[in-house]
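# Coordinates in review
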Amino acid sequence: MAYWLVKSEPDSWSWTMQVKKGATGEAWTGVRNHTARKNLKDMKKGDRAFFYHSNEGKEIVGIVEVIRESYPDPTDPTGVFLAVVVKAIEPMPKPVTLVQIKADPHLKDMALVKYSRLSVQPVTAQEWKAVCRMGGLKSG
DNA sequence: GCCAACGTTGGC
DNA sequence: GCCAACGTTGGC
């Protein structure tokens with residue numbers, strides 16, 4: 001199983017909205033970047049991803065699971081880009097902020113820090129564990 | 001095919 | 001609100 005991080009501005013799509021969707025999940029659409037597209041393509045059913053609030057909050061607020069692998073993004077008229085479907089698994093008991101991540105020597109190589117504009121990014125198993133611990137979760 | 005101009009993202 | 005990073009566009 002692989003780990004990822006997906007970003008959303010809470011003004012357009014927030015963790016609360018994701019939770020309301022429950023087990024049905026929600027299509028993750030609107031990604032228009034080729035690096036991000038590749039990451040969406042690599043996502044497998046059962047993979048987990050951190051749900052990150054950009055701009056407002058700047059923190060990891062929860063964990064989602066991929067329940068449908070990549071397919072053509074219905075919001076993309078060119079048919080080039082991809083979407084996946086994710087469902088909320090659990091919230092972070094204590095959201096992990098960008099400030100905390102930057103301050104941790106083990107985490108400052110995270111894509112979140114290095115490629116701040118990338119909206120879908122891979123997370124290593126070590127990073128996953130470390131962030132979960134900081135967020136008050138025992139495992140991933 | 002190069003590169004300047006421009007638009008967007010997202011942290012500060 | 002500003003600006004750095006970076007992707008895209010379009011003239012040549």
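Bear in mind that the values here come from a model prediction, so they are computed numbers and not experimental data. (Residues numbered from 1 in each chain as written. Chains lettered and ligands numbered in written order. Predicted model: local features only at pLDDT ≥ 70, side-chain atom pairs only at ≥ 80, totals over all residues. Heavy atoms only, no water.)

### Points about the environment of Leu40
The topology assignment puts Leu40 in helix H2 (residues 34-42). Since its relative accessible area comes to 1%, Leu40 is described here as buried. (Helix = DSSP H or I, 4+ residues; strand = E, 2+ residues; numbered from the N terminus. Buried < 20%, exposed > 50% of the residue type's maximum accessible area, 1.4 Å probe, protein only.)

### Digging into the protein's contact with DNA strand B
Around DNA strand B sit Lys7, Tyr52, Asn55, Lys58, Leu98, Lys102, Ser116 and Arg117, and those are all the residues in its vicinity. Close to the protein, within 4 Å, the atoms of DNA strand B belong to sugar or phosphate groups at a rate of 77%. Here a phosphate oxygen of DNA strand B and a side-chain polar atom of Lys7 are 3.5 Å apart. The backbone of Asn55 places a nitrogen or oxygen atom 3.1 Å from a phosphate oxygen of DNA strand B. For the surface near DNA strand B, the per-class residue count stands at two nonpolar, two polar and four charged. (Near = heavy atom within 4 Å. Polar contact = N/O pair within 3.5 Å; in protein donor to acceptor, adjacent residues only side chain to side chain. Nonpolar A, V, L, I, M, F, W, Y, C, P; charged D, E, K, R; others polar.)

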